[in-house]
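Each chain, written out:
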Amino acid sequence: MHDALTGLLERRAPVGRETWRSFWDQLGDGGLDRAQALALLASLATSLPGHGTLRPLLDSLAERRPARPAGRWPGTVNVVGTGGGPKTFNISTASAFVAAATGVRVVKTGSRAYTSSLGSIDLLERLGVRLTSSYDQTADTLDRYGIAFAGPFVYPAQLTRLARTIAPTSMKPFGRFLNALGPFLADLPVTAQVTGVSASAPLAELRALARSESGTRPGRTLWLTTNDRGADELLGFANNTIHTHDGRELHIPAGELVPPGGGFDDLEPAPDPASAPAHFLSVLAGTGGEVATRTVCLNAAALSVASGHTTDWTRAVAAALEAVRGGAARELAERVRAGASRPPTRTEEMTHG
């Protein structure tokens, strides 16, 4: 049994970076069998270890990444959630489109469904929106539309290796671990990230990771959002808290920025996956219900403020509402869908093919 697995099971001391390095080396060489890979994932999913193990785990993966373009994408924000909260439609994906329609540069990362019926990638696939496959393509898409949806290339290749090693077992049973750490695994040169954290996610461990991220990625704004209703989104009818990477807490009480009425019944997902695209587009058009509109706009405002696009929350909410009610958000989604359906240009084929 590998020392990383022994350390996770015994939990007598943190598992350090050298141990994790050895684990990834053996995984890559085929030296770890399926049983050990399954046991490691099961241990992480059952009880997330402390910061002394998680930070070296993330660092050991980060050092194996291929080099990405130097510098950052100025004023760009990534939005991603941990999932696991009350069942709602894909609020963060909708807020990404709305924020982009107000001029915020947005990259959205996410996954297929682990704890819900339709993850962000599942929805985008049904909408006909392509994920990007490289940093260059992501930058080009950002320049063209102001929004991009990053594909699996932003995540460590070791996760794919783990998935292949445990096959035919799915990664879905380990969704708690993957959802919790997913926001810290994506490598994007953004200047800000807003991560919704549900009540089922380990907030204390994630806050510790967020604070240590300032040392590994200096100059990047990192927000974790929570509320007293357990959702991984900001809610107008809940008391919300934004936990910043420098240890501060920003409070947005119910009713402060948008009216406090409504509840989760107003945010329910589409009744079946086939109807999800139409329901999603109705939300972007402002015809999915007033509570849905206000919720999406509140979260879009968070992206605007976190990215530095504006410092005024009230103005950010007003701009988001105008993007929905004026049709800009729905129009942007349709342009992105149309762009995904067109054949690639010769330049794109040479650059990304």
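Residues numbered from 1 in each chain as written. Predicted model: local features only at pLDDT ≥ 70, side-chain atom pairs only at ≥ 80, totals over all residues. Heavy atoms only, no water.

**Looking at unusual backbone geometry**
And then number 1: Of the consecutive residues Ala-167 and Pro-168, the connecting peptide bond is found in the cis state with omega at 10°.
And then number 2: Looking at where Pro-168 falls in the secondary structure, it is placed in the loop between α8 (157-166) and α9 (175-185).
And then number 3: Residues other than glycine seldom take positive phi values, yet Arg-11 does so here, at roughly 55°.
And then number 4: Positionally, Arg-11 belongs in the loop between α1 (3-10) and α2 (17-29).
And then number 5: Owing to a relative accessible area of 38%, Arg-11 belongs among the partly exposed residues under this scheme. (Helix = DSSP H or I, 4+ residues; strand = E, 2+ residues; numbered from the N terminus. Buried < 20%, exposed > 50% of the residue type's maximum accessible area, 1.4 Å probe, protein only.)

**Things to note about the packing of aromatic side chains**
And then number 1: For the coordinates displayed, the defined rule picks out 8 aromatic pairs.
And then number 2: Centroid distance Trp-20 to Trp-24: 6.0 Å. Interplanar angle 20°. Geometry classified as stacked. Taken together, the residues Trp-20 and Trp-24, both in helix α2 and 4 residues apart, mark about one turn of the helix. For the pair shown, Trp-20 and Trp-24 are each scored as buried.
And then number 3: Note on Phe-237 and Phe-264: the rings are 5.4 Å apart at their centroids and 90° apart in plane angle, and the pair reads as edge-to-face. With Phe-237 in the loop between β5 (221-227) and β6 (240-244) and Phe-264 in the loop between β7 (249-252) and α11 (276-284), this residue pair connects regions lying 27 residues apart in the sequence. Like Phe-264, Phe-237 is buried.
And then number 4: A connected cluster of aromatic rings, assembled from ring pairs, spans Trp-20, Phe-23 and Trp-24. (Phe/Tyr/Trp six-rings, centres within 6.5 Å; stacked < 30°, edge-to-face > 60°.)

**A few points about helix α13 (residues 313-325)**
And then number 1: Here α13 spans 18 Å end to end across 13 residues, near enough to the 18 Å set by a 1.5 Å rise per residue.
And then number 2: Of the residues making up α13, those classed as buried are Trp-313, Ala-316, Val-317, Ala-320, Leu-321, Ala-323 and Val-324. The buried residues of α13 occupy one face: seen down the axis, they fall within an arc of 160°. Within α13, the exposed residues directed more than 90 degrees away from the buried face are Thr-314, Arg-315, Glu-322 and Arg-325.
And then number 3: Its side-chain oxygen 2.9 Å from the backbone nitrogen of Thr-314, Asp-312 forms the N-cap of α13. (Expected span 1.5 Å × (residues − 1). Arc of directions from axis to C-beta. Polar contact = N/O pair within 3.5 Å; in protein donor to acceptor, adjacent residues only side chain to side chain.)

**Observations concerning the confidence of the model for the protein**
And then number 1: Model confidence for the protein is summarised by a mean pLDDT of 90, while 93% of its residues fall at 70 or above.
And then number 2: Overall, residues 343-353 carries pLDDT values under 50, and its contacts beyond four positions in sequence, including any with other chains, amount to 8 contacts. (pLDDT = per-residue confidence, 0-100. Contact = heavy atoms within 4.5 Å.)

**So, empty space enclosed by the protein**
And then number 1: One pass over the full model with this rule turns up 4 cavities of 30 Å³ or more.
And then number 2: Its boundaries defined by the atoms lining it, the largest cavity holds a volume of some 70 Å³.
And then number 3: As for the largest cavity, its lining consists of 14 residues, of which Val-79, Val-194, Gly-196, Glu-233 and Asn-299 are closest to the centre.
And then number 4: For the lining of the largest cavity, the secondary-structure elements that each account for two or more residues are β1 (73-81), α5 (91-101), β4 (190-196) and α12 (290-307).
And then number 5: Its residues assigned to classes, the lining of the largest cavity shows 6 nonpolar, 6 polar and 2 charged.
And then number 6: Reported here for the second largest cavity is a volume of approximately 60 Å³. (1 Å grid on protein atoms, 1.4 Å probe; cavity = no way out; pocket = protein on both sides within 12 Å on 5 of 7 lines; lining within 4 Å. Points joined across faces, edges and corners; volume = space filled by probe spheres on them. Nonpolar A, V, L, I, M, F, W, Y, C, P; charged D, E, K, R; others polar.)

**Considerations on the pattern of salt bridges**
And then number 1: All chains considered together, the criterion is met by 15 salt bridges.
And then number 2: Note that Arg-248 is salt-bridged to Asp-246, the shortest N-O span being 3.1 Å.
And then number 3: Judged by its relative accessible area of 44%, Arg-248 falls in the partly exposed class.
And then number 4: Between Glu-334 and Arg-337 there is a salt bridge whose closest N-O contact spans 3.2 Å. With Glu-334 and Arg-337 both in helix α14 (residues 328-341) and 3 residues apart, the pair spans about one turn of that helix. (Salt bridge = Lys/Arg side-chain N within 4 Å of Asp/Glu carboxyl O.)

**Focus on the environment of Ser-304**
And then number 1: Within the secondary structure layout, Ser-304 lies in helix α12.
And then number 2: On a C-alpha basis, the gap between Ser-304 and Asp-122 in space is 25 Å, while along the polypeptide they are 182 residues apart.
And then number 3: Among residues more than four places away in sequence, those in contact with Ser-304 are Val-104, His-309, Thr-310 and Ala-316.

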